[in-house]
Amino acid sequence: MGRGGASHIVFPAIRAISPPLSPHGQQHVHKLRTQTIHHIRNRANQAMAGAMVSLILKLGELLKEEYKLQTGAREKIQSLSRELDSIHAALDELSKVPPEKLDQVVRLWASDIRELSYDMDDAVDTFLVCVDGHDATIPGCLARLVEVIGRFFGKTKVCHQIAGVIERINAELLNVANRRGRYTVSNIVTNSTTTTASTIDTNLSALFTDATHLVGIDGPKYDLIKMLSMEEMGVPQKKMKIVSIVGAGGLGKTTLAKAVYDNIKAQFQCCAFVPVGQNSDIKRIFKDILIDLDKRKYENIHDRTWDERLLIKEVREFLENKRYIIVIDDIWQLSTWEVISCSLVDNNCGSRVITTTRIFDVATDVGQVYRANQLCYGNADNNYEGRVITTTGIPKVAMEFGEVYKIKQLPYDSSKSLFYTRIFGSKDNNPYKDYDLDKLSHKILEKCEGVPLAIITVASLLANKRMEDWNKVYESIVLGHEDNRYLGSTMKILSLSYYDLPCHLKTCLLYLSIFPEDYVIDKHQLIWSWISEGLIRKEHGRGIFELGEFYFDQLINRGMIMPFEAEDEGYILGCRVHDMVLALIRSLSSKENFVTLLDDTFAQNTSCRRLAIHGRNVEQRHMDNLNIPHVRSFHGMYMSDIGVLPSLMLSFKVLRVLDLQNCSTKEGSYDLRHLCNLLHLRYLGLTNSSIRELPTDIGQWLRFLQTLDLWETGIEELPSSVGLLTKLLCLRASEKTRVPVWIGNLTSLQELWIWCDTDQVSPRNFVNGLGKLTELRVLRTSITCDDPEWDDNIRNTLVQALCNLDKIRIMHILGALRRNCTTWEAGFVSPKDINYLYLCCLCFHSLPVWIDPSFFPNLIHLNLSVQVVGEQDMEILGSLQMLCSLQLIGMSSPVVSIPIHGADGALLFHKLRFFTMGTSIRFVQHNVAPAVASITVFPKLESLSAVLYVRFYKDQHLDFDFGLGHLPISLRKVKVFIGCHYACEEEVAEAEDTLYVAVFKHPALPALELERLGENRMVQSDQNNEVGMNRSDFC
């Protein structure tokens, strides 16, 4: 029997409650009843459990008094809930058993349970949609409900039907002689490597790129930079140079390419870092290149329907006469590179290209293919020049038009350092002094064979285990016999880590198989999707989104996903899935009917539960032929014509999630008129897709909707019926979307993106509505007070509304509320649990009194505009224990003193990674040994941006390097705005030369970017002593 057979035979009540089971169905039911947990010797992961968690929660909903159930139905529901809890507990234990021990009997049993749970969940959900989701007083509502829900219940009374559903479910699952005997878990053989559920450890900063950066990367990075050097034997190299990085999966090709790219990109006029992947969309690649080259110019490029020829022409014209560096990451086919290389011009400007690949032949042919294409374009000797970096898998070979760099496995010492750093936070921190740790770790590292991904994965697995369990983990790592032994060992280790996950994390990880390769997955969108699918089970005392964040952090902690940070902010926006992990979870998802990808290998499967389309030109005839009524989740990404979807939507009878990202249509805008048939819908995402309006009655029909994501669409106005969506938890409006007057009706909102334009909405309405949204955790908005309506009364009301957001975690307010911030400085008190505070819309005269370390124990990112910042203020900011990113702008003084130590002698800013200052800085020390010359300040700093006013520094006899020598080895980027006001060219050049020397002497060799300000106010060298300056001259 194939997967899905159980749902059609075991539980026909979902389609029609009254017909009896067929003889074959009765035999199948008997088989289910006689299967016992004692016979189950192997695992059944959470994917096999199907919709069990969601179903149990919904049965709990049915027990509420508001549902008038038939006599006896309540008792049956309670009995069924206990039965399902027992089954779920058994499946939870079974998921810990290694997969190689799974036999056919167990596989069939688990498959039957999975499909049955989905159908049971659909039936109960349909009942809830009918009796709880709609108002029968709305004209036409009742007739339409009868039509839509009739496919499940016919036309009899709904409450009688749910009683029949429960009775049918009990006939399938109950009538068990002894539940404790059938579903006991005491005899189940559990995974020997599994211990109690792990907790989040404190070493997240050692994961992936950060950890790899600590060990083994400096040498390869130096070699690559040398290969890309602008000089050879003292002779400038102006011709295009291409370097290909080649190596097996998991060796860190992308990490190395990114490290080199970040280090040298400031030397070029424009730059781009673009992933390709195994199933590449060539038009998307060209558009991504253009966006990286100039984000402002090409921000809407994905909306344009250009063909490859026009895109190539656009890239070539942009690169003309520019010195550029471009990284083309993860090339799989030479044919893909052949097309990409057509867009790269050799212009004798000293450009560089880096490529990465696993394939030897691709790496060796990159340079030759490029040169052949340039000859075809007829401009091989023109005035274009670039540098390209590629990553592949072959040895370093000198080539006529490019070079190849073979990335190697980590040497043992570096492997050991990476291993210990991931587990203990430092290679020197070993809490297990009584164990022969070196001997045991040596055995484990031999299995990893110097592959960074394998080392990080197995170290993540061990991070939360007792030392006594390390031997069990070692014994569980069985190397395969694949042709590529590195790939085989890594996949085995990844598989081991997957099966060590708790059931709920397995399901959440498998859900990521819906996304394309190299896709940056938005953290909040992902968690809201998990919630909409019922993958997160509520816990007492914890919010549902907070629990989703905990799941997300656990997946990072266990090394299964890679965190993706906002640039120079230190805040995790989302994640990426390594392509080897993606290959693993896609294979598992396919086997368990968890996710189906619509590609060339797609086979019709009526029991398909989740469907994803990635950049496919889908024809209407393909959509018309699909019969997938049980789909719960549909994800379309980079679809070129979503106009083919209406016919598909009509077949979505129980859809919970509809997510369209970066999709377009041939008609200019997609009509969503069929949307209101999706009564079960919880999640509607239309991010960056060609949508101009929503159905006017969307709020009357989609009453279960929890997430409405309209970011970067063309929707300018929300229908008034959206105000009826009382279950809505997340609303992300586009920047063009007008604020509705009824925004305060959505009192369940936890996340809100809305932009207040005073030309379109009354400030008073917006502020009053905001004051009612006390459940908000995330607020991204804009406030502009240039309108006369912004009086003191409205300001006070706004301050009070924001103070009432005691659950807020992210507050990001743009705009310009600059005329009077006295109210804010005195009256605003930010909630203690906030971790992201961005208030550039305000201009404070001094640091607000509510900026206090005791008020902000979890603050990670802070952005303020402050006119006067003193040394004491910097000490306060430096005492914020979790602060990773600090941006201070709007200063009126030319220099700010930063103390190295606090009053108690403690080093300040000990976790700060990104620092932007709108003026000059200098470090000071007061009565604390050792001498300042030996002190390293900002010990974790990676990026520094500041202003250097040349005239002021000369007059005060200050050093132009403003203490770069005190910054740590982690420093990778320095940007300095050179204030040229009233300085002469010689003095400005002296300042720039001093900075270049300071950076060159720094052990980290950070990238240096200089930008001049006020060049039009420079003076001749004989005038600089005659010019008077005021403090305002520096602003």
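Residues numbered from 1 in each chain as written. Predicted model: local features only at pLDDT ≥ 70, side-chain atom pairs only at ≥ 80, totals over all residues. Heavy atoms only, no water.

(A) Representation of the overall build of the chain in the model. Looking only at helices and strands, the chain features 33 helices and 31 strands. Per-residue burial for the chain yields a buried fraction of 58% across its 1035 residues. Look at the contacts in the chain between residues 6 or more apart in sequence, and 73% of them connect residues 24 or more apart. In the structure as shown, the chain presents an accessible area of about 41,300 Å², 49% of it carried by carbon and sulfur atoms. (Helix = DSSP H or I, 4+ residues; strand = E, 2+ residues; numbered from the N terminus. Buried < 20%, exposed > 50% of the residue type's maximum accessible area, 1.4 Å probe, protein only. Contact = heavy atoms within 4.5 Å. Areas by Shrake-Rupley, 256 points an atom, 1.4 Å probe, with all protein chains shown as cover.)

(B) Structural view of the sheet that holds strand S9 (residues 521–522). Spatially, S9-S11-S10 is the arrangement adopted by the three strands of the open sheet, whose pairing is antiparallel. The open sheet has two edge strands, S9 and strand S10 (562–565), and neither has a second partner. In this structure, S10 lies alongside strand S11 (residues 572–576), joined through four bridges in antiparallel fashion. Counted as the bridge partner of Met562 is Arg576 from S11. (Pairing = 2+ DSSP bridges.)

(C) Seen up close, the pattern of salt bridges. Within the structure shown, the criterion is met by 28 salt bridges. The salt bridge involving Asp522 is made with Arg732; its shortest N-O contact spans 3.2 Å. One end of the pair, Asp522, is in strand S9; the other, Arg732, is in strand S18 (residues 730–732), with 210 residues separating them in the sequence. By sharing partners, the salt bridges in this structure join Asp522, Asp709, Arg732 and Glu751 into a single network. (Salt bridge = Lys/Arg side-chain N within 4 Å of Asp/Glu carboxyl O.)

(D) Quick peek at a negative patch on the surface. The grouping of Glu299, Asp303, Glu712 and Glu735 at the surface amounts to a negative patch. Relative to the helices and strands, Glu735 resides in the loop between S18 and strand S19 (751–753). Its relative accessible area of 57% is what places Glu735 among the exposed residues. (Patch = residues over 30% accessible without salt bridge, like charges linked within 9 Å, V, L, I, M, F, W, Y side chains within 5 Å. Lys, Arg positive; Asp, Glu negative; His and termini not counted. Charge placed at Lys NZ, Arg CZ, Asp CG, Glu CD.)

(E) A look at the side chain of Thr919. One can find Thr919 in the loop between strand S27 (914–917) and strand S28 (920–924). Of note is the side chain of Thr919, whose polar atom sits 2.9 Å from the backbone oxygen of Pro894. (Polar contact = N/O pair within 3.5 Å; in protein donor to acceptor, adjacent residues only side chain to side chain.)

(F) Local environment of a nonpolar patch on the surface. On the surface, Val520, Phe564 and Leu573 cluster together into a nonpolar patch covering about 210 Å² of accessible area. In this structure, Val520 sits in the loop between helix H21 (503–511) and S9. With a relative accessible area of 37%, Val520 lands in the partly exposed category.

(G) Expanded view of the environment of Leu535. Mapped onto the secondary structure, Leu535 falls in the loop between helix H22 (523–533) and helix H23 (544–557). Through-space distance from the C-alpha of Leu535 to that of Cys508 is 6.9 Å; in sequence the pair is 27 residues apart. If we skip the residues at most four places from it in the chain, Leu535 touches Thr507, Cys508, Tyr511, Trp530, Tyr551 and Arg610.

(H) Just the packing of aromatic side chains, in detail. Enumeration according to the criterion identifies 20 aromatic pairs in this entry. With 6.1 Å between their ring centres and 80 degrees between their planes, Tyr519 and Tyr638 make a pair best called edge-to-face. Of this pair, Tyr519 sits in the loop between H21 and S9 while Tyr638 sits in the loop between strand S14 (633–637) and helix H26 (645–649), and the two are 119 residues apart along the sequence. When sorted by exposure, Tyr519 lands in the same class as Tyr638, which is buried. Aromatic side chains Phe844 and Trp850 sit 6.1 Å apart centroid to centroid with 75 degrees between the ring planes, which places their arrangement in the edge-to-face category. Pair check on accessibility: Phe844 and Trp850 agree, each one buried. In textbook terms, an aromatic cluster arises when at least three aromatic residues are bridged by ring pairs, as seen for Phe909, Phe915, Phe923 and Phe938. One cation-aromatic arrangement involves Arg284 over Tyr638; the distance from NZ or CZ to the ring centre is 5.2 Å. Its end group placed over the ring of Phe318, Lys322 keeps NZ or CZ at 4.5 Å from the ring centre. (Phe/Tyr/Trp six-rings, centres within 6.5 Å; stacked < 30°, edge-to-face > 60°. Lys NZ or Arg CZ within 6 Å of the ring centre and 35° of its normal.)

(I) View of the pairing of S14. The buried fraction of S14 is high, at five of five residues. What you see with S14 is no split at all: Ser633, His635 and Met637 on one side and Phe634 and Gly636 on the other are buried throughout. Sheet topology note: the strand S13 (residues 610–614)/S14 ladder contains five bridges and is parallel. When the bridges of S14 are listed, Ile613 appears paired with Gly636. Pairing between S14 and strand S15 (residues 657–661): five bridges, direction parallel. Counterpart to Met637 in the pairing with S15 is Gln661.

(J) Structural detail: the environment of Ala583. Within the secondary structure, Ala583 sits in helix H24 (residues 579–591). Along the chain, Ala583 and Ser513 lie 70 residues apart, while their C-alpha atoms are 8.4 Å from each other.

(K) Molecular detail of the pairing of S27. Inspection of the sheet shows strand S25 (residues 885–889) paired to S27 by four bridges, in the parallel sense. Within the sheet, the bridge partner assigned to Gln887 lies in S27 and is Thr916. The sheet contact formed by S27 and strand S29 (residues 943–949) spans three bridges and is parallel. Bridge pairing in S29 links Phe914 to Ser943.

(L) Local environment of helix H11 (residues 253–264). Taking 1.5 Å of rise per residue, the 12 residues of H11 would be expected to cover 16 Å, and the 17 Å separating its terminal C-alpha atoms lies within 8% of that figure. Burial analysis of H11 places nine of its 12 residues in the buried class, which makes it a mostly covered element. Of the positions making up H11, those classed as buried are Lys253, Leu256, Ala257, Ala259, Val260, Tyr261, Asp262, Asn263 and Ile264. (Expected span 1.5 Å × (residues − 1).)

(M) Here's a closer look at helix H28 (residues 763–770). Those residues of H28 not exposed but buried are Pro763, Phe766, Val767, Gly769 and Leu770. Buried residues in H28, looked at end-on, bunch into an arc of 165 degrees, giving them a common side. (Arc of directions from axis to C-beta.)

(N) Local environment of the packing of H21 against H23. Running from amino to carboxyl end, H21 crosses H23 at an angle of 85 degrees, the nearest separation of the two axes being 10 Å. Between H21 and H23, the crossing angle belongs to the class labelled roughly perpendicular. Listed contacts from H23 to His504, Leu505, Cys508 and Leu509 of H21 are Tyr551, Gln554 and Leu555. Of the residues assigned to the contact of H21 with H23, the class counts are five nonpolar, two polar and no charged. (Axes fitted to C-alpha atoms, helices over the stretch in contact; angles between N-to-C directions. Parallel < 35°, antiparallel > 145°, perpendicular 65-115°, else oblique. Nonpolar A, V, L, I, M, F, W, Y, C, P; charged D, E, K, R; others polar.)

(O) The arrangement of the environment of Gly534 in detail. Within the fold, Gly534 resides in the loop between H22 and H23. In this structure Gly534 comes out as buried when scored by relative accessible area, which is 15%. In the structure, Gly534 is positioned 480 residues away from Ser54 in sequence and 4.9 Å away in space, judged by C-alpha atoms.

(P) Molecular detail of unusual backbone geometry. One non-glycine residue, Asn593, lies in positive phi territory at about 55 degrees. Along the chain, the position of Asn593 falls in the loop between H24 and strand S12 (596–597). Positive phi, close to 50 degrees, is recorded for Asn688, a residue that is not glycine. Within the element layout of this structure, Asn688 appears in the loop between strand S16 (683–685) and helix H27 (698–701). On the basis of relative accessible area, Asn688 is assigned to the buried category, the value being 13%.

(Q) Fine view of the confidence of the model for the chain. Looking at the chain, pLDDT values average 75 and 68% of them are 70 or higher. Confidence drops under a pLDDT of 50 for residues 1–46, and excluding neighbours within four residues, the segment shows 130 contacts in the predicted structure. Confidence drops under a pLDDT of 50 for residues 478–484, and excluding neighbours within four residues, the segment shows six contacts in the predicted structure. (pLDDT = per-residue confidence, 0-100.)

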